[in-house]
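Here's the letter readout for the chains.
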Amino acid sequence: MTESIQGYKGEALATIKKYNVRVWSDTLIKSSRGEFKGIILPRSENDDTTHIVLKLATGYNVGVDVHTITEMTELGYKEAHYKIPEKEFPYTEGLPKVKLLGTGGTIASRLDYRTGAVIPAFSPGELYGAVPELADICNLDTEKVFAVFSENMGPSQYKKLAITIGEEIEKGTQGIIIGHGTDTLHHTAAALTFMCQNLPIPVVLVGSQRSSDRPSSDAALNLMHAATAAGHGDIAEVMVCMFGPTSDEYGLLHRGTRVRKMHSSYRSTFRTIGDVPLGTVTRAGVTHIHSVFNKRRNDHNVKILPYFEEKVAIVYYYPNMQPDIFDSLVANGYKGIVIAGTGLGHVNKLIYPAIKRAAAAGVAIYMTVQTLWGYVHMFVYDTGRDLMSMGIVPAENMLPEVAYIKLGWVLGQTSDLEKVKEMMLTPVSGEITRGEPYNGYLIYQGGIPEVEEFIRRVHK
Amino acid sequence: MDSEYNAVQNFERTRQEVGYTPFSEATRATYTGLGFKSGLEIHQQLRTREKLFCRCPVGVYQEFDDYDAELVRHMRPTLSELGEYDGTALMEFRTRKEIIYRLKNQTACTYEVDDTPPFPLNRQALEIAMEISLLLKQYIVGEVHITRKQYLDGSIPTGFQRTAIIGIEGEIPLSGKNIRLIQLSLEEDSCREVSDIGHRRIYATDRLGMPLIEMVTYPEMLTPQEVAEAAHYLRFLARSTGKVRTGIGAAREDVNVSVTGGTRIEIKGVAHISWIPLLTHIEAYRQKSLLVIKDRLNQKILKPDSWRVITKQLKLEDVRTTLPFPGADLQLVAVLLPGFKGILSHFTQPGRDFASEISDRLKVIACLEKPNLLHSEMPDIVEFAALAKLIETELDFGKHDAWICFAGPEADIATGIETIEERCQMAFAGIPRETRKGLENGTTLFERVLPGADRMYPDTDSAPIPVAEELIVKLRSQLPVELPVRLEQLSKWSVPEDCWTYLLRNNLMPIAEKIIEDFEVEARFVCTLIAHYIKGKVRLNKKSYNFNNLYSLFSFLQEHDIRWELIKEMLSIIIEHPKIDYQSVLNLLNWKQEKAEDLFRKIPYFTESVLKNCQMKCDHKAISWVMGKLRNQALGNVKMELVQAKIKELVEQ
C-alpha cells in the first residue's frame, strides 16, 4: 500500500514533505496562480494526489494544484478535535421505558465542519442534545450492539440483535427502537420478524434518508415518530418507521415482512408492498390502517429463534440467462435458491436442465416475482407447470428479499425439504397473505390530470 | 402616567445628540468623522440554460399563486463547532416556522425538493464564473470545492446553499482609488419568498438553484458614493461578458456597513444600486445612535449583567381600551424595563426609534405581526391612557423606567418576553450583529441574526473539480475588452457621460464598436444614437429594441447608399413595429433617392419665392424657411450642412 498521511499520497504528500508543512497548519502557499492562505485540511482518501486542500479564513475550502506551488510557509498549527455536547437525558415519571439499539448507522450526527467527517451522536445525552423533544416522549436508554454500515449487515448481526431484543423484553423494556442505515433496513426487518416471534412490545426500525447534519434532515422527526410508536403504540410487531410523504407530516409504520426501499434518495422511500401499511404515526400517536395486528401485552413471552443458513442466494432472472449460474451455485454448496422470476413466476427453457440438477442435489428452490406486486401463479402457463414439476416451490406473494431471509432462517433450523416447504409456506407475520387488498397497489403516475389535481391539493 | 414626559421632544433631542446630518448635507468629512467603512457582496445570476446542480430550466418564473404542488418542511439547527447552535440557528428554531414550498412541474425536480443528491456542477456556469474571476484579476483555485453554507430560514429546502470559491483576491479601479476583492464564488440561488405571516413562511421554488456568482470586496469604501460606484463597476464588468442575466432580481447587492466602535451590519438583497448611498448613510447613523444609547445605559445602570425585565400578565377584561393588536385569543403582557426611560423614544433612524428595533424582532423571532407593541414613550400613548395607568400600577412603574405591552398567542408569549429582554440587554453592549432589510426610503429593518463563519461545511455529496491550466488559458483568450479600456474609449470618443451607464449596463459597447469600425461612422453619433435616441424612444413607447439588429440597419443604409442621418426616422418606425422590413420603412417615410445636384436645382425656386413674397428682412429666417421645405427630401441623400450652405449662398446673392 502506498504511504498516506491524512489522505495525502503521491505528489501531494511529497510536496507537503518538501516544504516541511503539516496537515492542520496555517499555511501560506505561493503558486503560479497566486497566493493562498489557510489551514491545510486532511484530504479525502479517494480524491486525486495532485491537490492540497486549504480552508480559507472565510470558511470556504479550495484545492491548490501541487504543480503550481512554488513555496509553502507554515504560519501556525492548530489541530481540531470535536465532540458532541452531552446533556443528561432527563427521566420523567410516567413515560414509557424505551431502548434504542445502535447498529452503526448514524441516526443523529453532526458534520465536522473542517474535515467533513460525520461524528455520530448516540449516547442518550448526545441524542438529547440533538433531539431534545425525545425527552417529552419516553425515558430513553441506548446501547451500541455493534458498529457496521447498513450494507455490511448480515446473519450474525441479525442473530445478535434478536438475542438482545429477547434480553430487553426480559428486563421489562416497553418499546425498542433500532437505528439502522436505510439500504438494507428491510432485510433486517424481515430477519427480526422471523427471529423474534410472539413479541409483547413494538420493535421499530428507523433510519434517515437525509443525514442529521443537514437542517432539512428527516432524522429527528423519524426518531420522534419511532419513539412514539415504540413507547406508546399498541402494535407489537417488527416495523419500519419512515416518512409517509416527503413533507414533514407523518411517518408510516410498515410491517417488517412487507416493506421495501423503493427510491434511491427520496425521504418517503419505504413502501409497503402487496398490502396497505400498518398505520401512520405523528407525535400525537399511532393511527391504525390495518385492523389485524399483534397487540401489545404485559408478559415477557417472546420466542427468540436466532438461526440462519448462509448458503442461500437470490437469482434475479433475465432473458437468455445461462444454466451455469445455477450449476455454479450448486457446485459451491448452496442449499437454497430464491428465484425472482418474470411475470407470474417464469424462467426460460434454457436453464431447465440446471434447475433439475439443482433439485436433484437437494437444493430448496423457491419462486418469487420481479414485479414485486402480486402473487406467483405457476398454474396459468405450461412454463409454470414445468417448473413446479422440476421441484420449484411458488412462494405466493412473498417479496424476493423476504423469501431469501426466510429461506436462510428456515434452512438454519432444518434441512428436511418437506419441513422447509411447510415452514416457508406457513406465514409468520404477513410475509404471505391470503389475498391482496385492491387498494394496496397504487403507484400514481404524474401528468394525469386527476393525479396532478390530487398532488396540488394534498402535500406530497 | 408620566404626563410630563414628551417623547417627540426626546426623539428630536437625541437625534441632535447623535449628530444626524441629512444625506444631502453630508460630505466626505461627515463620513470620515463617523469612521464609515463599507464592503459589497454583489450577486449576479449567470445566463445558462440549466440550473447549477440539476437540469431544470432557468429564468422561468411562476405567478405566486400558480403552482402544481406544495411541500411542508421544518428547518432544525444542526450542532456546530463548539457544540452550540449558532445564533441564527437558534433564532430560526425559536420561531418554529412551518415552511411551505410551492412547486411548478416545469422548474422543479427531485433536487429542488431535496430528495436527491446534486447532479454534477453545470460546466457552462463554471466557465462564466471563471471568466468574470479572470476579469477581476483574481487567483483561480486549483480545485473547486463545493461547500454548504447553512441557511435555516427555509429559503433553500436543503437548509444550506451549495457554493464554491472560484477565485480569490483581485481588484477594481474606482475614480480615486482601487478596491480589493476578497473572493468570487459560484452558488445556487435561493427560493423567492411568497409570504411570511405568523408561523408560516411560503416560498416559490422557480428561482431555486439558478447559477449565481457572488463577488465580495474588502470593506474599503469610505463614503456611500464610493459604495455605489463600486457596485456599478462590478455590475458593468459582469455584464461586459454578455453571459449574465439581466432584469428584475438578476443582480442583488448585500452591503456591509460599520462605523468607529460599531460592528459589521449586513443590509441584504438591495435591488437597486441607487438605493445604496442613502441606506448606508442611515445605517452609519443607526450604529452611532446605538453607541450613544450604550453609553447612556451604562451610565444609568451600573450592573448590566443582572439587568432583567419584570413581566406581568394582564387580564383583558381589566383593560377597558381598544387595543391595536391583530389576531384572536391573545394574551396580554406588560413588561417593565427598569432604568430605560428615554431609551425607547431614542432616535435610531429617521422616523424610527429604539422601540422599533424591539418591534422588528418581535415580528421576526416571536412571529408577532405588527403592530405588536405599545410602550411608555409612544407619541400617541395618551390614547391608551387607561391601559397605561393599569400597567404602571401593576408593574410598580418608577420615574426612571419604561414599559412595553405586547400581545400574542399563548405559545409565543415566552419567546416574546425573551426577545424583548435579549434586545434590551444587547443595548448595553452596543450593536447586535444582524442582517437588515433595506427599504426604499433608506431605513432598514431587522431581518436575521448575522451567522458566524462556522456555518460552512464541506459538501459530502460532491467531489472536488480540478481546474486545468488549459481551461484558464482558453478562457483568458476569449475575455471581453476590459472595463477600464471601455471607459477610456468613451472618453476619447467624447461620448457624453450620461450615455456611459446605459452603454455599459446593457453591454452595448461591442456592438457600437463594430458599427463604428465597419461602417466608419462617427463614434459619438453611434453612442448617442443608442443611449439617447433609442433609449428615449424605447422608454417613451414602452417597447423593447434588439440592439443586435442595429448592425443590419447600418448595413442596409450603406448598401442603399443612404446617409446615416435618416436612421433616426427609420428607427422611430422600427421600434414601434419591430417586425417591419427596412424597405417598407422607407416607403412609409415616403423617402426617395435623390442626387445632390437634382436637389440643389430646386433651391432657386424656393429662395426666389421667399424673397419675393415675404420680404423677409432677416436672412437666417429665410434660410430656415427654405431648409424646412427641403429638409425631408435632403435627409439621407445630401449632407444637411451642404444644403444649408447652398441656400445661404443664394439668399445672400
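Values in this document were obtained by computation on a predicted structure and should not be read as measured data. Throughout, a residue's number is its position along its own chain's written sequence, starting from 1. To label them, take the chains in the order written and letter them from A, then take the ligands in the order written and number them from 1. It should be noted that, the model being predicted, local features are given only for residues of pLDDT at least 70 and side-chain atom pairs only at 80 or more, the latter also being counted only at that level, while totals for whole chains, interfaces and linings use all residues. Excluded from the side-chain calculations are hydrogens and water; all other atoms, namely the structure's heavy atoms, are used.

Undergrad: Can you walk me through the overall build of chain B in this structure?
TA: Counting secondary structure elements, chain B contains 20 helices and 24 strands. Projected onto the principal axes, the alpha-carbon positions of chain B cover approximately 100 × 65 × 50 Å. Buried, partly exposed and exposed residues are distinguished by accessible area as a fraction of the type maximum, computed with a 1.4 Å probe on protein chains only: under 20%, between the cut-offs, and over 50%, respectively. Burial status across chain B gives 57% buried among its 653 residues. Contacts between residues were defined by any pair of non-hydrogen atoms, one from each residue, lying within 4.5 Å. In chain B, the proportion of contacts linking residues at least 24 apart, taken out of those at least 6 apart, comes to 75%. Entry remark: accessible area of chain B is about 28,100 Å², with carbon and sulfur atoms responsible for 50%. Between the mean site of the 83 positive side-chain charges and the mean site of the 92 negative ones, chain B shows a separation of 4 Å. Starting at the N terminus, helices and strands are each numbered in turn, a helix being any DSSP run of H or I of at least four residues and a strand any DSSP run of E of at least two. Note that accessible areas follow from Shrake-Rupley with a 1.4 Å probe, and for residues the cover is restricted to the protein chains shown. Charge counting follows a simple rule: Lys and Arg are positive, Asp and Glu are negative, and His as well as the terminal groups are ignored. To locate a charge, the coordinates of NZ of Lys, CZ of Arg, CG of Asp or CD of Glu are taken.

Undergrad: Help me understand the domain arrangement of chain B in this model?
TA: Interface size, as often reported, equals the accessible area lost upon joining of the parts. Residues and elements named next belong to chain B. Note that the domain bounds reflect an automated or database-derived domain assignment. Assigned domains within chain B: domain 1 (4-18 + 297-432), domain 2 (37-258), domain 3 (481-591) and domain 4 (597-652). Relative to domain 4, the C-alpha centre of domain 3 lies at a distance of 30 Å. Between domain 3 and domain 4, the contact holds 7 residues from the first and 7 residues from the second. The term buried area denotes the loss of accessible surface (1.4 Å probe radius) that occurs when two parts are joined, taken as the sum for both partners. Interface area for domain 3 against domain 4, summed over the two sides, is near 570 Å², with a carbon-plus-sulfur share of 56%. Among the residues domain 3 hides against domain 4, the three largest losses belong to R563, E565 and W591. Together they make up 75% of the total.

Undergrad: Help me out: how do you make sense of helix α8 (residues 385-394) of chain B in this one?
TA: Think of an α-helix as turning once every 3.6 residues; residues three or four places apart then point the same way. Residue and element names in this part refer to chain B. Taken as a whole, α8 has its buried residues at L387, A388, L390, I391 and E392. Contacts from the buried residues of α8 go to β15 (310-314), β16 (331-337), β19 (373-375) and β20 (402-408). Trailing α8 by a residue or two, D396 shows a phi angle of about 55°, which is positive.

Undergrad: Is there a simple way to explain the domain arrangement of chain A in this structure?
TA: Segmentation of chain A into domains returns domain 1 (10-77), domain 2 (97-304) and domain 3 (312-424). Taken over C-alpha atoms, the centre of domain 1 of chain A sits 56 Å from the centre of domain 3 of chain A.

Undergrad: Please clarify how the interface of chain A and chain B should be interpreted in this entry.
TA: The interface is formed by 56 residues belonging to chain A together with 62 residues belonging to chain B. In total, about 4,700 Å² of surface goes out of reach between chain A and chain B, with carbon and sulfur atoms giving 53% of it. We define a salt bridge as a side-chain nitrogen of Lys or Arg found within 4 Å of a carboxyl oxygen belonging to Asp or Glu. Inspection of the region where chain A meets chain B yields 8 salt bridges. Where A:R33 meets B:E469, a salt bridge forms, and the shortest distance between an N and an O atom there is 3.0 Å. Polar contact criterion, stated in full: a pair of N or O atoms within 3.5 Å, where within protein one must be able to donate a hydrogen and the other to accept it, and residues adjacent in sequence count only if both atoms are side-chain atoms. Viewed at the interface, chain B and chain A are joined by 31 residue pairs in polar contact (both at pLDDT 80 or more). Of all elements in the fold, only β2 (34-40), β3 (51-55), β4 (61-65), β7 (108-111), α2 (124-130), α5 (219-231) and α11 (449-457) of chain A reach the threshold of two or more residues within the side of chain A that touches chain B. Should DSSP find at least two bridges between two strands, the strands are taken to pair. For β4(A) and strand β5 (residues 143-144) of chain B, the ladder comprises 2 bridges, and the chain directions are antiparallel. The residue bridging A:V62 from the neighbouring strand is B:V144, located in β5(B).

Undergrad: Just checking my understanding: could you explain the packing of aromatic side chains for this structure?
TA: Two aromatic rings, taken as a pair, are described by how far apart their centres are and by the angle between their planes. Note on aromatic contacts: the rings of Phe and Tyr and the six-membered ring of Trp form a pair at centre separations within 6.5 Å, being stacked when their planes are under 30 degrees apart, edge-to-face when over 60 apart, and tilted otherwise. Summed over all chains, the structure comprises 22 aromatic pairs over all chains. Centroid distance B:F340 to B:F428: 6.0 Å. Interplanar angle 70°. Geometry classified as edge-to-face. Of the two residues, B:F340 sits in the loop between β16 and β17 (347-349) while B:F428 sits in helix α9 (residues 410-429), which places them 88 residues apart along the sequence. For the pair B:F340 and B:F428, one class covers both residues: buried. Aromatic rings pair up to connect B:F11, B:Y20, B:Y285 and B:F347 into one cluster. Placement of a charge over a ring requires the Lys NZ or Arg CZ to be within 6 Å of the ring centre, with the centre-to-atom vector within 35 degrees of the ring normal. Above the ring of A:Y77, the side-chain terminus of A:R22 is found at 4.1 Å from the ring centroid.

Undergrad: Explanation requested: the sheet that holds strand β5 (residues 69-77) of chain A in the structure shown.
TA: Ordered by their spatial adjacency, 7 strands build an open sheet running β5(A)-β1(A)-β2(A)-β3(A)-β4(A)-β5(B)-β24(B), and the pairing between neighbours is antiparallel. At either margin of the open sheet sits one strand with a lone partner, and together these are β5 of chain A together with β24 (465-466) of chain B. Strand direction decides the pairing type here: strand β1 (residues 25-31) of chain A and β2(A), joined by 6 bridges, are antiparallel. In the strand pairing of β2(A), A:K30 is matched with A:E35. Comment: axis = line fitted to C-alpha atoms, over the contacting stretch for helices; angle = value between 0 and 180 degrees taken between N-to-C directions. The strands that helix α1 (residues 10-18) of chain A touches are β3 and β5 of chain A; relative to β3(A), the one it contacts most, it runs at about 60°.

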